[in-house]
Amino acid sequence: MLSNQQIEQRERAYTRSCGVCPVCGKPLREGQMQYAHAIGNTEVNRKKYGSFFIDSTYNGCLVCSLSCNASVDVGKSKGKILDKLADILLKEINDFNGGSQ
């Protein structure tokens with residue numbers, strides 16, 4: 001069973017994607033969608049980067065398949081991880097400020 005936070009993550013990701021997989025462009029179908037984390041939802045990553053980043057709705061997206069899920073992962077590139085952390089922080093700040101930036 002999904003938590004309220006996980007449901008919100010998925011709803012926001014679906015809205016952002018307009019119902020289309022951001023990796024391959026196929027329509028997202030009920031029961032086949034997967035929530036893909038760019039920075040993996042692991043205990044090690046939570047200790048290293050913090051739950052704020054791992055749980056951010058900007059750390060993930062809905063994809064149509066396992067192969068597209070794997071394409072979202074930036075965990076093997078320190079540069080891509082840092083880019084994603086900066087992107088998440090800027091978007092969260094913008095949301096906090098009411099989208100005024």
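Every residue gets a number counted from 1 within its own chain, in the order that chain's sequence is written. It should be noted that, the model being predicted, local features are given only for residues of pLDDT at least 70 and side-chain atom pairs only at 80 or more, the latter also being counted only at that level, while totals for whole chains, interfaces and linings use all residues. Note: side-chain values were computed over all heavy atoms of the structure, leaving out hydrogens and water.

Caption draft 1: Inspection of the nonpolar core at higher detail. We call a set of buried residues a nonpolar core when its members are Ala, Val, Leu, Ile, Met, Phe, Trp, Tyr or Cys and they connect through side-chain atoms within 4.5 Å of each other. Accessible area is worked out with a 1.4 Å probe on protein chains only. A residue is then buried under 20% of its type maximum, exposed over 50%, and partly exposed in between. Grouped together as the largest cluster of nonpolar side chains are 21 residues, with contacts concentrated most on Cys21, Ile39, Val63, Val72, Ile81 and Leu85. Should any heavy atoms of two residues lie within 4.5 Å, those residues are considered in contact. Not counting the four nearest positions on each side in its chain, Val72 is found in contact with Val23, Ala36, His37, Ala38, Cys61 and Val63.

Caption draft 2: Here's a closer look at a nonpolar patch on the surface. Patch building starts from residues that exceed 30% relative accessible area and form no salt bridge, then joins like charges within 9 Å and nonpolar side chains (Val, Leu, Ile, Met, Phe, Trp, Tyr) within 5 Å. The Shrake-Rupley method, run with a 1.4 Å probe, gives the accessible areas here. Residue values count only the displayed protein chains as cover. A pairing counts as a salt bridge when a side-chain nitrogen of Lys or Arg comes within 4 Å of a carboxyl oxygen of Asp or Glu. Where nonpolar side chains cluster on the molecular surface, the patch consists of Phe52, Leu89, Leu90 and Ile93 and spans about 370 Å² of accessible area. Secondary structure elements are defined from DSSP: runs of H or I of at least 4 residues count as helices, runs of E of at least 2 residues count as strands, and each element is numbered from the N terminus. Per element, the largest residue contribution to the nonpolar patch is three residues, and it comes from helix H5 (residues 78-96). Within the secondary structure, Ile93 sits in helix H5. With a relative accessible area of 34%, Ile93 lands in the partly exposed category.

Caption draft 3: Inspection of helix H1 (residues 4-17) at higher detail. With 14 residues, H1 ought to run about 20 Å at 1.5 Å a step, and its terminal C-alpha atoms sit 20 Å apart, in line with that. Within H1, burial applies to Gln9, Ala13 and Ser17. Mapping the buried residues of H1 onto a view down its axis gives an arc of 55 degrees, with all of them on the same face. Along H1, exposed side chains directed more than 90 degrees from the buried face belong to Asn4 and Thr15. Elements in contact with the buried residues of H1: strand S1 (34-37), helix H3 (51-54) and strand S2 (60-63). One or two residues past the end of H1 sits Cys18, with phi positive at roughly 55 degrees. Given the number of residues in a helix, its expected span is that number minus one, multiplied by 1.5 Å. Directions drawn from the helix axis to the C-beta atoms are what define this arc.

Caption draft 4: Region of interest: the environment of Ile7. Note that Ile7 resides in helix H1. Sequence separation between Ile7 and Asp55 is 48 residues, and the spatial gap between their C-alpha atoms is 12 Å.

Caption draft 5: Highlighting the pattern of salt bridges. Going through the model one piece at a time under the given rule, you end up with six salt bridges. Here Lys47 makes a salt bridge to Glu43, at a shortest N to O gap of 3.5 Å. Remark: Glu43 and Lys47 occur in helix H2 (residues 43-49); sequence separation between them is four residues, near one turn of the helix. Its relative accessible area of 60% is what places Glu43 among the exposed residues. Residues participating in the shared-partner salt-bridge network are Glu8, Arg12 and Asp95.

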